[in-house]
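Spelled out from the first residue to the last, the chains are:
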Amino acid sequence: MNLEKILSISGKPGLYALKIQTRTGFVAESLLDGKKITVGLRSNVSLLSEISIYTNTAEKPLAEVMRSIAVKEDNGPAISHKEDNDTLIAYFKEILPDYDEDRVYASDIKKVINWYNMLQAKGLVSKEAPQTKEEASQAKEEAPAE
């Protein structure tokens, strides 16, 4: 699962795919409706690949948390992010048992589950372990040329 070009834009619903960088910002495409928007440099934007979830021992990258959900759900959709907080917290404990309950709030859990369901609907989640850069370049070298 590659979250390198998936964005969350503060004040805008849903997730966006980074399309083109410009001098004054960038163009992003909504994963919800496919509309393209221009985003200025002043906007508060988060790359999903840079987000981590606090655990009692360290921080766990969001991609690993998403992969854990994909494994649990066999690449299917997760529960709705609109469930009550107790249900969401119990579900998240199954996914990430050692998450830091003092620093990860129910609103964070809702956001992660909502994002997972959006990405899953677009076929962007996978329960496969991500390849390292070395493995990816090695696979390219071994691929037969056409």
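Since we're looking at a predicted model, the values are computed, not measured.

Reading guide: rules and limits
Residues numbered from 1 in each chain as written. Predicted model: local features only at pLDDT ≥ 70, side-chain atom pairs only at ≥ 80, totals over all residues. Heavy atoms only, no water. Axes fitted to C-alpha atoms, helices over the stretch in contact; angles between N-to-C directions. Helix = DSSP H or I, 4+ residues; strand = E, 2+ residues; numbered from the N terminus. Parallel < 35°, antiparallel > 145°, perpendicular 65-115°, else oblique. Contact = heavy atoms within 4.5 Å. Nonpolar A, V, L, I, M, F, W, Y, C, P; charged D, E, K, R; others polar. Buried < 20%, exposed > 50% of the residue type's maximum accessible area, 1.4 Å probe, protein only. Arc of directions from axis to C-beta. pLDDT = per-residue confidence, 0-100. Salt bridge = Lys/Arg side-chain N within 4 Å of Asp/Glu carboxyl O. Left-handed = near helix turned anticlockwise from the far one by under 90°.

Q: How would you summarise the packing of helix H1 (residues 62-72) against helix H2 (residues 85-95) if you had to cite specific residues and measurements?
A: Between H1 and H2, the least distance of the axes is 9 Å, while the angle of their chain directions is 95°. In this view, H1 runs roughly perpendicular relative to H2, as classed from their interaxial angle. Taking contact as the criterion, the partners of Val65, Ser68, Ile69 and Lys72 in H1 are, on H2, Tyr91, Phe92, Glu94 and Ile95. The residue makeup of the contact of H1 with H2, split by class, is 5 nonpolar, 1 polar and 2 charged.

Q: Explain H2 to me, using residue names and the numbers behind them.
A: Within the sequence span of H2, burial applies to Leu88, Tyr91, Phe92 and Ile95. Relative to the axis of H2, the buried residues are bounded by an arc of 100° and lie together on one face. The outward face of H2, more than 90 degrees from its buried face, is lined by the exposed residues Asp86 and Glu94. Considering only its buried residues, H2 is in contact with strand E6 (52-54), H1 and helix H3 (106-121).

Q: Could you give me a rundown of the confidence of the model for the protein chain, with the residues and numbers involved?
A: Any residue range with low pLDDT should be treated as having predicted coordinates unsuitable for detailed reading. The predicted model of the protein chain averages 87 in pLDDT, with 87% of residues at 70 or higher. Mean pLDDT in the protein chain bottoms out at helix H4 (residues 133-142), which sits at 47, and peaks at E6, which reaches 96.

Q: How would you explain the pattern of salt bridges if you had to name every residue and give the values?
A: Taken as a whole, this structure holds 5 salt bridges when the rule is applied. Close ionic contact of Glu94 with Lys72 constitutes a salt bridge, the shortest N to O distance being 3.0 Å. With a gap of 22 residues between them, Glu94 in helix H2 and Lys72 in helix H1 connect regions that are remote in the sequence. Assessed through its relative accessible area of 38%, Lys72 is described here as partly exposed.

Q: How would you sum up unusual backbone geometry? Please name residues and give values.
A: Positive phi values are uncommon outside glycine, yet Asp74 reaches one of about 55°. As for its position among the elements, Asp74 is in the loop between H1 and H2. The backbone of Asn75 sits at a positive phi, close to 65°, despite the residue not being glycine. Looking at the element boundaries, Asn75 is found in the loop between H1 and H2. Exposure remark for Asn75: the relative accessible area of 29% places this residue in the partly exposed category.

Q: Tell me about the environment of Val112, and name the residues and values.
A: On the secondary structure map, Val112 appears in helix H3. Its relative accessible area of 3% is what places Val112 among the buried residues. In contact with Val112, other than residues within four places in its own chain, are Ile53, Leu62, Val65, Met66, Ile69 and Phe92.

Q: Provide a residue-level description of the packing of H2 against H3, including the pertinent values.
A: For the pair H2 and H3, interaxial distance at closest approach is 10 Å and the crossing angle is 70°. Considered as vectors, H2 and H3 are oriented roughly perpendicular to each other. Here H2 runs over H3; the crossing is left-handed. Across from Asn85, Leu88, Ile89, Tyr91 and Phe92 in H2, the residues of H3 making contact are Ala106, Ile109, Lys110, Val112 and Ile113. Across the contact of H2 with H3, the residue classes break down as 8 nonpolar, 1 polar and 1 charged.

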